[in-house]
Amino acid sequence: MRFTIEKKIKDSKGEAGNYLGRAGVLETAHGVIHTPAFVAVGTKATVKSLNPEQVREAGTEVVLGNTYHLYLQPGEEIVKDAGGIGKFMNWHGPTMTDSGGFQVFSLGAAYGKDISKVTKITDPSLLIPERFDDSDAPRLAKIGQDGVSFKSHLDGSIHYITPEKSIQIQHNLGADIIFAFDECTSPTEDLAYQEEALERTHRWAERSLAEHQNLKQEDARRRSHSILEGQDHSGRSEDSFEHLPALFGIVQGGRDENLRKKSANFIKNLDFDGFGIGGSFAKEDMSTAVKWVNEILPEEKPRHLLGIGEPEDLFMGIENGVDLFDCVAPTRLGRNGTLYTKTGKMIIMNTKFRNDFSPIEKNCNCYTCKNYTRAYVAHLFHGKEMLAGTLASIHNLYFIVNLVKEIRQAIINENFFEFKEEFLGGYSK
RNA sequence: GCGUCGGUGGUAGAGUGGUCAAAUACAACAGACUGUAAAUCUGUCGCCUUCGGGCUACGAAGGUUCGAAUCCUUCCCGACGCA
């Protein structure tokens, strides 16, 4: 993997100032990612409701799968034997896998609760928690001594995932970029807990990295042995890129400035190829957290803001130095009948669209908008037809991927701030 | 014409004397969704409301009863059987 910065954000007079944002190129063994880029989420080695051609046609350059899900089903050995996640799912471009760290949160502290990746609460202090009443709440993920025990949401079986295990699984899944195993904490946890969790995430980062390096060495030994024996049929030896994954470390630290900075400083000193910024945020905390972190992380390595992807968040992230985003929003919202437009989100099942024969969005170049009307898409949703989720996902994915591409172009054209103002001025949340 | 059974909210369908403005499902309407426990979930769904409650309702009209969607009478409508 190789990351090159092409251009940094400048103001309207072309002055560089102190801006963190940049446009670049991330080269992997499976192709190039133009950053900033939006990564399509394909948790179970499929971007839900879309085939790879549709994902590609929407403009997507890279797809992210999930360690936890693929480990449970079909099992990482199968994916490995298939030739890796990309080959398995017939996606020829770059791939990434998440470590399962998010499931520590979504199946743990957040399980059965009304908290998610980004909470609405405007005053996060209100979120502070009675951790004590909470202890017997049902969870599918419990944090243990040196890992997390998961109770499978599929069949109830128990699985213990350690950092080593997560990295082993990810090596078998064979994506181009993988992530360290971390603990995504709930914003409802108090500072003492955030600190404790951060220590854990840091230990896990070191262990993830150590296991990653072990696996690389083992692989190198095996390959040199095969070459000596004349058995290397991989055809990849002349590749300028390592065929093994690049590993990104993850910064946590909740909403606390000291913890965030502490985490960035700790993680940046480890030999990671890039970085993820994780956490469950109260909306208003997100930009400060990203800024604190990216001011510390080394400029020359890529940064991925995990799980974020609403339009206003993309501008915020990019302006503050984020190179990669992934988010389920385009596909999940699409399947659930909400569509992005330049003026805001549209709930396509609303009565007013039943006889609206215009496209979802005028001048949109996605497959859906070029071929179908609002009335038709609404009809598909009312009729619970499978094509509904597909057409909606195509549009939403195109919308978000393309928005990020436009932002990238604006950076290159040195009119990022104008573009931001123009877009957000017309977009209502 | 006689007999039997049945007519419940947009639909299907519970309910057979009070706890019924009426289960449940569907439809409808509105909303939520940010490293996918998610083609999912939430709310509303007779009318009015100062959200305490008020009013009108279970084919129609009468009646019995403290009280009726529920019991009785007649009528209207439907299905089936016999002429």
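Look up a bit, the structure's there.
Residue indices follow the written sequence of each chain, beginning from 1 at its first position. For this description, chains carry letters from A and ligands carry numbers from 1, given in the order in which they are written. In keeping with the predicted nature of the model, local features appear solely for residues at pLDDT of at least 70, side-chain atom pairs appear and are counted solely at 80 or more, and the whole-chain, interface and lining totals rest on all residues.

## Structural notes on the overall build of chain A
Let me state the cut-off plainly: Secondary structure is summarised from DSSP: a helix means a run of H or I of at least four residues, a strand means a run of E of at least two, and numbering begins at the N terminus for each. Put simply, the radius of gyration uses C-alpha atoms, and a globule should come to 2.2 Å times the residue count raised to 0.38. Backbone-placed C-beta atoms define the burial measure: a residue is buried with 20 or more other C-beta atoms within 10 Å of its own, exposed with 12 or fewer, and partly exposed in between. Here, residue contact means that the backbone-derived C-beta atoms of the two residues sit within 7 Å.
When you go through chain A residue by residue, the secondary structure sums to 15 helices and 18 strands. Taking 2.2 N^0.38 as the reference for a compact globule, 429 residues should give roughly 22 Å; the C-alpha atoms of chain A span a radius of gyration of 21 Å, in line with that estimate. Here the C-alpha coordinates of chain A stretch approximately 65 × 60 × 55 Å along the principal axes. Buried residues in chain A amount to 47% of all 429 residues. Within chain A, residue pairs in contact and separated by at least 24 positions form 72% of the contacts whose partners lie at least 6 positions apart.

## A short note on the protein's contact with RNA strand B
Heads up, the rule is: Whether a residue is near a molecule or strand depends on its C-beta atom, generated from backbone atoms, being within 6 Å of that molecule or strand. Polar here means any residue outside two lists: the nonpolar Ala, Val, Leu, Ile, Met, Phe, Trp, Tyr, Cys and Pro, and the charged Asp, Glu, Lys and Arg; Gly therefore counts as polar.
Every one of the 51 residues lining RNA strand B counts as a neighbour, but Ser116, Lys117, Cys184, Gly307 and Val328 are closest to it. In terms of residue count, helix α5 (residues 101-109) provides more of the surface near RNA strand B than any other element does, 6 residues in total. Broken down by class, the residue content of the surface near RNA strand B amounts to 19 nonpolar, 22 polar and 10 charged.

## Topic: helix α8 (residues 257-268)
Selection criterion: What a helix should span is 1.5 Å times the count of its residues minus one. The arc in question is the one spanned by the directions pointing from the helix axis to the C-beta atoms.
If you check α8, its first and last C-alpha atoms are 16 Å apart, about what 12 residues at 1.5 Å a residue would give, namely 16 Å. Those residues of α8 lying buried are Leu259, Arg260, Ser263, Ala264 and Ile267. Buried positions in α8, seen along its axis, are confined to an arc of 135 degrees and lie on one side of it.

## Describing the nonpolar core
Short version of the rule: Core membership is restricted to buried Ala, Val, Leu, Ile, Met, Phe, Trp, Tyr and Cys residues, and these are joined into a nonpolar core through C-beta atoms within 7 Å.
In terms of nonpolar packing, the biggest core is built from 106 residues, with Val39, Phe325, Val377 and Ile407 touching the most fellow members. Tallying contributions element by element places helix α14 (residues 386-412) first for this core, with 14 residues. Not counting residues within four places of it along the chain, the set of residues in contact with isoleucine 407 comprises Pro36, Leu314, Phe315, Ile318, Phe416 and Phe419.

## A few points about the sheet that holds strand β15 (residues 303-305)
Through backbone hydrogen bonds, the strands of a sheet pair up, either in parallel or in antiparallel fashion. What counts here: For two strands to be treated as a pair, DSSP must find no fewer than two bridges joining them. Orientation is described by lines fitted to C-alpha atoms, with helices fitted over the stretch in contact, and by angles between N-to-C directions that extend from 0 to 180 degrees.
If you walk around this closed barrel you meet the 8 strands as β4-β5-β6-β11-β12-β13-β15-β16, and the pairing is parallel. The average angle at which neighbouring strand axes cross in this sheet is 30 degrees, direction not considered. With 3 bridges joining them, strand β13 (residues 274-277) and β15 adopt parallel strand pairing. Of the residues in β15, the one forming a bridge with isoleucine 277 is leucine 305.

## Quick word on unusual backbone geometry
In this structure, proline 36 follows threonine 35 across a cis peptide bond, with omega equal to 0 degrees. Residue placement: proline 36 occurs in the loop between β3 (31-35) and β4 (37-41). In the segment running from glutamine 73 into proline 74, the intervening peptide bond is cis, with an omega of 10 degrees. Secondary-structure assignment places proline 74 in the loop between α2 (67-72) and α3 (76-82). Although it is not a glycine, alanine 45 sits at a positive phi angle of roughly 60 degrees. Here alanine 45 shows up in the loop between β4 and α1 (52-57). Take alanine 45: there are 23 C-beta atoms within 10 Å of it, and that puts it in the buried class. Despite not being glycine, asparagine 90 shows a phi value in the positive range, around 65 degrees. By the secondary structure assignment, asparagine 90 is in the loop between α4 (85-89) and β6 (95-98). Among the residues examined, asparagine 90 registers 11 C-beta atoms within 10 Å and is labelled exposed.

## Some thoughts on the sheet that holds strand β10 (residues 158-161)
Reading across the sheet, the 3 strands line up as β8-β9-β10 and stay open at both edges, with antiparallel pairing between neighbours. At either margin of the open sheet sits one strand with a lone partner, and together these are β8 (141-143) and β10. Strand-to-strand twist in this sheet, taken as the mean axis angle between neighbours without regard to direction, amounts to 20 degrees. In this structure, β8 lies alongside strand β9 (residues 148-151), joined through 3 bridges in antiparallel fashion. Directly across from isoleucine 143, in β9, lies its bridge partner valine 148. Strand contacts of α5: β8 and β9, with the helix running at about 110 degrees to β8, the strand carrying the most contacts.

## Thoughts on the pairing of strand β2 (residues 22-28)
Of all 7 residues in β2, 5 are buried; the element is thus mostly enclosed. Where strand β1 (residues 2-8) lies against β2, 6 bridges are found, and the strand directions are antiparallel. Bridging from a neighbouring strand, lysine 8 pairs with arginine 22 of β2. The turn linking β2 back onto β3 is made up of 2 residues.

## Focus: α14
Between its terminal C-alpha atoms α14 stretches 39 Å, which fits the 39 Å expected from 27 residues at 1.5 Å a residue. A positive phi of about 60 degrees marks glutamate 414, the residue just after α14.

## What to know about the packing of helix α6 (residues 163-173) against helix α7 (residues 191-228)
Packed helices, taken two at a time, are described by the angle between their axes plus the distance between the axes. Defined as follows: In what follows, roughly perpendicular refers to angles from 65 to 115 degrees, roughly parallel to angles under 35, roughly antiparallel to angles over 145, and oblique to any angle outside these ranges. Two helices cross in a left-handed way if the nearer one is turned anticlockwise from the farther one by less than a right angle. They cross in a right-handed way if the turn is clockwise.
For the pair α6 and α7, the least separation of the axes is 8 Å and the interaxial angle reads 40 degrees. Comparing the axis directions of α6 and α7 gives the class oblique. Seen from above, α6 lies across α7 with right-handed handedness. Residue-level contacts link Pro163, Glu164, Ser166, Ile167, Gln168 and His171 of α6 to Trp204, Arg207, Ser208, Glu211, His212 and Leu215 of α7. Considered class by class, the residues forming the contact of α6 with α7 number 4 nonpolar, 5 polar and 3 charged.

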